[in-house]
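So you can see what is in the structure, the chains are spelled out below.
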Amino acid sequence: MIETNIEESIEETILELVDYGIEKGLIEKRDSIYVINRLLDLLNLVEFRDLDQKIGQSLGDGRKIGDILDSFRDYAVKSKLAEDDSVEILDLFDTKIMDTLAKRPSEIEKDFWSLYEKSPQAATEYYYDFAKNINYIREDRIKKDIKWIQKTEYGDLDITINMSKPEKDSRSIAKEKLIKTSSYPKCLLCRENEGYAGRIGYPARDNHRIIQLDLNHENWFMQYSPYVYYNEHCIVLKESHDPMRITRETFKRLLDFVEVFPHYILGSNADLPIVGGSILSHDHFQGGGYEFSMERAQERNHQREENGIEVSTLRWPMSVIRLKGDKIDDLVNLGDTILSNWINYTDKSVNIVSHTGDTRHNTITPVARFKDGKFQLDLVLRNNRCDELSPEGIFHPRQEYHNIKKENIGVIEVMGLAVLPSRLKKEMEEIKRFLLEGKLEAIRLDEDLNKHYDFAKTIKEKYKIDKIDLQEVIENEIGEIFSKVLKDAGVFKDTEKGQEAFRTCLEILLGQ
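A brief look at the structure comes next.

Moving on: the overall build of the protein chain. Helix and strand counts for the protein chain stand at 16 helices and 15 strands. If you line up the protein chain on its principal axes, its C-alpha atoms span 80 × 60 × 45 Å. The buried share of the protein chain, taken over its 512 residues, is 54%. Considering only intrachain contacts with a sequence separation of at least 6, the fraction spanning at least 24 residues in the protein chain is 64%. For the protein chain, the accessible area works out to roughly 24100 Å², and carbon and sulfur atoms hold 46% of it. Taken together, the 74 basic and 94 acidic charged side chains of the protein chain have centroids lying 3 Å from each other.

Time to look at the pattern of salt bridges. Counted by the stated rule, this structure contains 43 salt bridges. Linking K103 and D111 is a salt bridge whose minimum nitrogen-to-oxygen distance equals 2.8 Å. We note a salt bridge from D242 to K238, for which the minimum N-O separation is 3.1 Å. Residue class for D242 comes out partly exposed when judged on its relative accessible area of 28%.

Turning next to the sheet that holds strand β1 (residues 146-152). The strand order β1-β2-β15 describes an open sheet built from three strands, whose pairing is mixed. Whereas interior strands pair on both sides, the edge strands pair on one side only; in this sheet they are β1 and β15 (417-420). For this sheet, the mean inter-axis angle between neighbouring strands, taken without regard to orientation, is 20°. Bridge analysis of strand β2 (residues 155-161) against β15 gives four bridges, and the strand direction is parallel. Note that in β15 the partner of I159 across the bridge is A418.

The tally for this structure, following the rule as stated, stands at zero disulfides. For C190, which is in no disulfide, the shortest distance to another cysteine sulfur is to C187 and amounts to 3.7 Å.

What you see with strand β3 (residues 211-215) is a clean split: I211, L213 and L215 sit on the buried side and Q212 and D214 on the side with no burial. Here five bridges tie β3 to strand β4 (residues 218-224), and the two strands are oriented antiparallel to one another. Among the inter-strand pairings, I211 is bridged to a residue of β4, identified as M222. Hairpin connection between β3 and β4: a loop of two residues separates the two successive antiparallel strands, and N216 in this loop has a positive phi of roughly 55°.

With 98 residues, the main nonpolar core has F257 and F492 as its most contacted residues. Here F492 is in contact with S319, W342, Y345, V350, I352, L381, G498, Q499, A501, F502 and C505, once residues within four sequence places are set aside. I443, Y453, I481 and A489 belong to the second-largest nonpolar core, a separate cluster that totals 50 residues.

One pass over the full model with this rule turns up 21 aromatic pairs. Ring geometry for Y290 against F292: centres 5.0 Å apart, planes inclined by 85°, an arrangement best described as edge-to-face. Relative accessible area serves as the criterion here: at 26%, Y290 is assigned to the partly exposed category. Taking the relative accessible area as the measure of exposure, F292 reaches 2% and is therefore buried. Feature note: the residues F112, W113, Y116, Y127, Y128, Y224, F257, F261 and Y264 constitute an aromatic cluster, connected by ring pairs.

A word on the packing of helix α5 (residues 105-116) against helix α6 (residues 120-133). The contact between α5 and α6 brings their axes to 6 Å, and the two run at 150°. When the interaxial angle is binned, α5 and α6 end up roughly antiparallel. Of the residues in α6, those in contact with I108, D111, F112, L115 and Y116 of α5 are P120, A122, A123, T124, Y126, Y127 and F130.

Take a negative patch on the surface next. A contiguous patch of negative charge, built from D67, D70, D74, E139 and D140, is present on the exposed surface. For the negative patch, the secondary-structure elements that each account for two or more residues are α3 (65-78) and α7 (139-142). The element that contributes the greatest number of residues to the negative patch is α3, accounting for three residues. Of note, D70 is situated in helix α3. Using a relative accessible area of 38% as the deciding quantity, one classes D70 as partly exposed.

A few words now on the sheet that holds strand β5 (residues 234-238). Spatial strand order, β3-β4-β5-β7-β6-β13-β14-β10-β9-β8: 10 strands in an open sheet with antiparallel pairing. The open sheet has two edge strands with one neighbour each: β3 and β8 (299-304). Between one strand axis and the next, the sheet turns through 25° on average, direction left out of account. Two elements, β5 and strand β7 (residues 284-288), share four bridges in a ladder whose sense is antiparallel. Note that in β7 the partner of C234 across the bridge is G287. Of the strands in this sheet, β3 and β4 touch α5, which is tilted by about 55° from β3.

Attention now goes to the packing of helix α14 (residues 453-462) against helix α15 (residues 470-489). Contact geometry of α14 with α15 gives a least axis separation of 11 Å together with a crossing angle of 120°. Classed by the angle they form, the pair α14 and α15 counts as oblique. When you trace α14 past α15, the crossing you get is right-handed. Together, F455, I459 and K462 of α14 and L470, V473, I474, E477, I478 and I481 of α15 make up the contact between the two elements. Tallied by class, the residues present in the contact of α14 with α15 amount to seven nonpolar, no polar and two charged.

Rules used in this analysis
The written sequence of each chain sets the order in which its residues are numbered from 1. For this predicted model, a pLDDT threshold of at least 70 governs which residues receive local features, and a threshold of 80 or more governs which side-chain atom pairs are given and counted, while totals over whole chains, interfaces and linings are taken from all residues. To obtain the side-chain values, all non-hydrogen atoms of the structure were included, while hydrogens and water were left out. Runs of E in the DSSP output that reach at least two residues are strands. Runs of H or I that reach at least four are helices, and both are numbered from the N terminus. Exposure is judged per residue with a 1.4 Å probe applied to protein chains only, and the accessible area is read against the type maximum: over 50% gives exposed, under 20% gives buried, and values in between give partly exposed. Residue contacts are counted whenever heavy atoms from the two residues lie within 4.5 Å of one another. Working definition of accessibility: Shrake-Rupley area with a 1.4 Å probe, residue cover restricted to the visible protein chains. His residues and chain termini do not enter the charge count, which takes Lys and Arg as positive and Asp and Glu as negative. Charge positions come from single atoms, namely NZ of Lys, CZ of Arg, CG of Asp or CD of Glu. We define a salt bridge as a contact between a side-chain nitrogen of Lys or Arg and a carboxyl oxygen of Asp or Glu at a distance within 4 Å. Two strands are said to pair when DSSP picks up at least two bridges between them. Only the stretch in contact is used when fitting a helix axis, every axis being a line fitted to C-alpha atoms; angles between N-to-C directions are given from 0 to 180 degrees. Defined by distance alone, a disulfide is two cysteine sulfur atoms within 2.5 Å. Only buried residues count toward a nonpolar core. Its members are Ala, Val, Leu, Ile, Met, Phe, Trp, Tyr and Cys residues joined through side-chain atoms within 4.5 Å. Only Phe, Tyr and Trp rings take part, Trp by its six-membered ring, and two of them pair if their centres are within 6.5 Å. Stacked means planes under 30 degrees apart, edge-to-face means over 60, and tilted covers everything else. Any angle that is under 35 degrees is reported as roughly parallel, and any over 145 degrees as roughly antiparallel; angles of 65 to 115 degrees are reported as roughly perpendicular and all others as oblique. Patch definition: residues above 30% relative accessible area lacking any salt bridge, with like charges linked at up to 9 Å and the nonpolar side chains Val, Leu, Ile, Met, Phe, Trp and Tyr linked at up to 5 Å. Here is the rule for handedness: rotate from the far helix to the near one, and if that takes an anticlockwise turn smaller than a right angle the crossing is left-handed, while a clockwise turn gives right-handed. Just so you know the grouping, Ala, Val, Leu, Ile, Met, Phe, Trp, Tyr, Cys and Pro go in nonpolar, Asp, Glu, Lys and Arg go in charged, and all remaining residues, Gly too, go in polar.

No statement about biological role is implied by the geometric values presented.
In structure tokens:
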């Protein structure tokens, strides 16, 4: 039996949530009783006292949604609605709570396209605000991400330590082993995630809504990333569960998107292991309303094609060909020519080999945008070949940097934003403590920290620890490593030999 004061407290929380929904435009006041009854059902309650006198009391001065949901989560634990107080279990629960405020997908789409008639920015602003207000994007967690700017010879790089993805605890891991496996949805990107309740080992998406798009006369859908690595970080996914493939159709889809949403960029991970993203099983793109450093990179080796397309390379750690033009079809055709020629391009003098037997190594990471009245298509040349000296990839971060970044270099990193694992926060705090205490050897002997021993030793040798801002130095050294990681991933190095080889390659790729 739940104590009366706990029931009274949860009633106040229910009213807070209803008022929050009204204030954020998620529901109308007319919807209040309906929403309250849905919440009562989720909470295993059968009545609500003094209803008419209480709706609207907290409008304008209510708590933040994260705090309101914390009260629901506390209630779920105390009333045994939740099996335990693990983050995963409570996330499954509070997502259902928020779904009581969410419109149906068709209503969201109707609002979106109605606002699009006013402007593309109005439509995406509405949709982004909805994703935040409905707590699909958990802003209270996003704020915990650690971010700074790293100045380099190529411009400012963005460094992020991702703290917003909750880590599983031992209870969730144990339960996951007992759960019957399921292939629905097929992956985290499939359209079937819209409204999916989730399960142990799979996140709840009750409050998730997606927007249908037509790209290259095909059905695609847009959503926002729940982890928002940058402003309005969107994901565009194919309707069917098809694997990643970079083709001329890819270029057409990307450019179609920026024609519809000219204030956004859109790029694709490469379609091969090592140089691709974390999900190769479902064709998808990533973009949003953010200007990455690569966009501002200095252009060089300018030339103009007969159809008026401007071609240049970029002064960037990776090897980028930029195309600019007025007509999408012309850019698609030239992009396809470059892709087709690159797939079979070999220059052993700079370690580029297109195939090993029937295994292809060359591909492209493309990025599209609309800027200064022209469409732009950046084509980043990639190669995933391995050898005995580089078993994880010749153009992959070398092992000495794996303590900071060992994952694939995807499209977000290619453009100049490092997404680093949450473990670094705690590890760097420990390294900082040991360095301040003069205990370098303790780092080498620590099972979790010994991978950072050389990193810490370099700091100790380069700086006088008691004379510097050690936190700033650690961040700077991490940023420098990310810059070197991007250089490792570049197929033509930023050296005289590398750039000469790049210019020769460009002529061949253009069919000159």
